[in-house]
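Here is what each chain is made of, one letter per residue.
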Amino acid sequence: MAQNALAAGSMRLSRYYLPTLKETPKEAEIASHRLMLRAGMMRQAAAGIYAWLPLGLRVLRKVEAIVRDEQDRAGCQEMLMPTIQPAELWQRSGRYDAYGPEMLRISDRHERELLYGPTNEDMLTDIFANTVRSYRDLPKLLYHIQWKFRDEVRPRFGVMRGREFLMKDCYSFDLDFEGAKRSYDRMFVCYLRTFARMGLKAIPMEAETGPIGGNLSHEFIILADTGETEVFCDRGVLDFDVLGSDIDYGDDDGIAATIGSFTSLYARTEDKHEAAAFESEVPADRRYQGRGIEVGQVFYFGKKYSEPMGAEVAGPDGQPIAVEMGSYGIGVSRLVGAIIEASHDEDGIIWPDPVAPFDVQLINLRAGDDDCDAACDGIYARLREAGLDVLYDDRDERPGVKFADADLVGLPWRLVIGPRGLKAGKVELKRRDKSIEDEVPLDQAVARLIETAGG
RNA sequence: CGGGGAGUGGCGCAGUCUGGUAGCGCACCUGCUUUGGGAGCAGGGGGUCGGAGGUUCGAAUCCUCUCUCCCCGACCA
């Protein structure tokens, strides 16, 4: 929408850099990859590494803004750590040798060993250890949104599994397990809200917890027919209205209760699925089976890094205590692909309103015709004034080309103005998802757009 | 990393087996005609055939080496 002044902006398509493709580049197999290339959102630079073009960047920024907003709302504080890290940090945490060839190792002109960060536990734990001294400074939730690099053996699915990817990672620091659990719960709820705000059904599912044990790790899975993972869950999980329920981050018990209602219901990916448990715990009419994409994970790992890296605070009795930590990731760039997987048809993308690169596609069917130009220019100005982001197709192209591009790019609203309708004083107002297709008087169309699509 | 496949103009492809002056569709440029679902006609521009070496009078085509990309699997946000 238009609230974000930085992201806002309308464009005339004749001036916009939007290189759409009629044919699919042969390297693109899955829908999101295909559509992102065809819709001119990105171009590949190398395997798993992409350049974001203006349209793609708009979406990436919107997704990022929602993630940021919800992090801040949950009490997390944003910072920014570098993409390049000294190897020494990882040698101290013991991960440098453990990480393997997935880590891109580089060296500078002094032959100092560096690496392109695949994650930031080590660095932030180090920063924290050097700056926080007392239990009274806890708890803390710190996050950043930064590009990461993992040298995957086999990058694929476009932006869904690239080597370079934009990720939000948050880290919690608490004095004891109870505190760590509160932080974990807080992030859990934050994630539910974050994905819901993007128009997605994201389901928390039990995940591997590693050597720590317990059940304190969940993957958040977006439902999408083309997802890579098979998921099984109780439909109750799908019906839960997170945005409708008023989350109060000051109310720990309320948050714990919200999570309890989620985690009490069966929800597992194929790795953890047990048919017998599924059938005994979930009534037949509530069993849901489908496919999904992992877009986030929350993880409690206790003192795994704080102990080796000396991240200790003085407790109430003055004795040093290694802090309890957790980390919480969201694949921001991956989400752009995941959203498309979850929302497209054979003609193109169908953007959920909150992440759409523009609100409205205004189509002038006969650019150069005085009446059409006048009507479109007027509407373009009025919609912009109302704060809507409009992509105005004023190109000297045939209608078929414009419709095809509009379907491809997939903006939520489409306003079509042509000589035929104009003679009758009407324009065509449509939703990309086809839920609305109306011929209405021009003023009415504008009013409806401002009312429903406006900030 | 195992198994498969592909590199020829911006995109999609043919040509390679059987060596003989690089082609098609779309896109692009100019003009005219068109104009409610990817227009028609005419004219035009653009390619070291991934790279390096070799064989040959002559290599996109044959041989050797190499780089890159994609798909399936294992792995992963």
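For the structure, check the block above.
Scope of this entry: the structure provided in the associated data block. In this text, all values refer to a predicted model and were calculated from it rather than measured experimentally. (Residues numbered from 1 in each chain as written. Chains lettered and ligands numbered in written order. Predicted model: local features only at pLDDT ≥ 70, side-chain atom pairs only at ≥ 80, totals over all residues. Heavy atoms only, no water.)

### Observations concerning the overall build of chain A
Argument step 1. When its secondary structure is counted, chain A shows 13 helices and 24 strands.
Argument step 2. Relative to the globule expectation of 23 Å for 455 residues, the C-alpha radius of gyration of chain A, 24 Å, shows essentially globular dimensions.
Argument step 3. Dimensions of chain A along its principal axes, counting C-alpha atoms only, are 80 × 60 × 40 Å.
Argument step 4. Considering only residue pairs separated by 6 or more positions, chain A has 72% of its internal contacts joining residues 24 or more positions apart.
Argument step 5. Total accessible area computed for chain A in this model is approximately 20100 Å², and 47% of it derives from carbon and sulfur atoms. (Helix = DSSP H or I, 4+ residues; strand = E, 2+ residues; numbered from the N terminus. Rg over C-alpha atoms; globule rule 2.2 N^0.38 Å. Contact = heavy atoms within 4.5 Å. Areas by Shrake-Rupley, 256 points an atom, 1.4 Å probe, with all protein chains shown as cover.)

### Examining the sheet that holds strand β7 (residues 113-116)
Argument step 1. One open sheet holds the three strands; their spatial order is β5-β7-β6, and the pairing between them is antiparallel. At either end of the open sheet lies a strand with only one pairing partner, and these are β5 (84-86) and β6 (104-107). Taken over all neighbouring pairs, the strand axes of this sheet differ in orientation by 35° on average, direction set aside.
Argument step 2. Pairing of β5 with β7 involves three bridges; the strand directions are antiparallel. Its bridge partner being in β7, Q85 is matched across the sheet by L115. (Pairing = 2+ DSSP bridges. Axes fitted to C-alpha atoms, helices over the stretch in contact; angles between N-to-C directions.)

### Some details on unusual backbone geometry
Argument step 1. Look at the link from L138 to P139: it is a cis peptide, with omega at -5°.
Argument step 2. If you trace the backbone, P139 turns up in the loop between α4 (121-129) and β8 (140-149).
Argument step 3. Here E111, not a glycine, exhibits a phi torsion of approximately 65°, which is positive.
Argument step 4. Its location among the elements puts E111 in the loop between β6 and β7.
Argument step 5. One non-glycine residue, F157, adopts positive backbone phi at about 60°.

### Details of the packing of aromatic side chains
Argument step 1. Tallied over the full model, the rule gives 16 aromatic pairs.
Argument step 2. A centroid spacing of 5.6 Å and a plane angle of 85° characterise the contact between Y16 and F358, whose relative ring orientation is edge-to-face. Here Y16, found in the loop between β1 (11-12) and α1 (31-38), pairs with F358, found in the loop between β19 (348-349) and β20 (360-364); they are 342 residues apart in sequence, far enough to count as distant. Just as Y16 is buried, F358 falls in that class too.
Argument step 3. The rings of F188, Y191, F195 and F220 are connected pair by pair, giving a single aromatic cluster.
Argument step 4. A cation over a ring is seen here: R58 above F358, with NZ or CZ 3.8 Å from the ring centre.
Argument step 5. Above the ring of Y96, the side-chain terminus of R105 is found at 4.6 Å from the ring centroid. (Phe/Tyr/Trp six-rings, centres within 6.5 Å; stacked < 30°, edge-to-face > 60°. Buried < 20%, exposed > 50% of the residue type's maximum accessible area, 1.4 Å probe, protein only. Lys NZ or Arg CZ within 6 Å of the ring centre and 35° of its normal.)

### Notes on the protein's contact with RNA strand B
Argument step 1. Neighbouring RNA strand B are 37 residues; R154, G162, E294, D407 and E428 lie closest to it.
Argument step 2. Those atoms of RNA strand B that come within 4 Å of the protein belong to sugar or phosphate at a rate of 43%.
Argument step 3. One of the side-chain nitrogen or oxygen atoms of E23 is found 2.8 Å away from a base nitrogen of RNA strand B.
Argument step 4. Contacts to RNA strand B include G418, whose backbone N or O atom sits 3.4 Å from a base oxygen.
Argument step 5. When contributions to the surface near RNA strand B are tallied by element, the ones reaching two or more residues are β2 (42-46), α11 (399-409), β22 (413-417), α12 (419-423) and β23 (426-431). (Near = heavy atom within 4 Å. Polar contact = N/O pair within 3.5 Å; in protein donor to acceptor, adjacent residues only side chain to side chain.)

### Here we look at the packing of helix α5 (residues 177-197) against helix α7 (residues 252-263)
Argument step 1. Interhelical geometry of α5 versus α7 gives an angle of 65° and a closest axis separation of 9 Å. The chirality of how α5 crosses α7 is left-handed. From α5, R182, D185, R186, F188, V189 and L192 reach across to α7, where they touch D252, I255, A256, T258, I259, F262 and T263.
Argument step 2. For the contact of α5 with α7, a count of residues per class yields seven nonpolar, two polar and four charged. (Left-handed = near helix turned anticlockwise from the far one by under 90°. Nonpolar A, V, L, I, M, F, W, Y, C, P; charged D, E, K, R; others polar.)

### Overview of the pairing of β22
Argument step 1. A large share of β22 lies buried, amounting to five of its five residues.
Argument step 2. Here β22 shows a buried face lined by W413, L415 and I417 and a second buried face lined by R414 and V416.
Argument step 3. As paired strands, β20 and β22 are joined by five bridges and run parallel to one another. Paired with V360 across the strands is W413, a residue of β22.
Argument step 4. Pairing analysis gives four bridges linking β22 to β23, with the strands arranged antiparallel. Each residue of the ladder has a partner; that of V416, found in β23, is E428.

### Topic: a negative patch on the surface
Argument step 1. On the surface, a cluster of negative charge is made up of D246, D248, D251 and D253.
Argument step 2. Along the polypeptide, D253 turns up in helix α7.
Argument step 3. Residue D253 is classed as exposed on the basis of its relative accessible area, which comes to 63%. (Patch = residues over 30% accessible without salt bridge, like charges linked within 9 Å, V, L, I, M, F, W, Y side chains within 5 Å. Salt bridge = Lys/Arg side-chain N within 4 Å of Asp/Glu carboxyl O. Lys, Arg positive; Asp, Glu negative; His and termini not counted. Charge placed at Lys NZ, Arg CZ, Asp CG, Glu CD.)

Keep in mind these numbers describe shape, not what the thing actually does.
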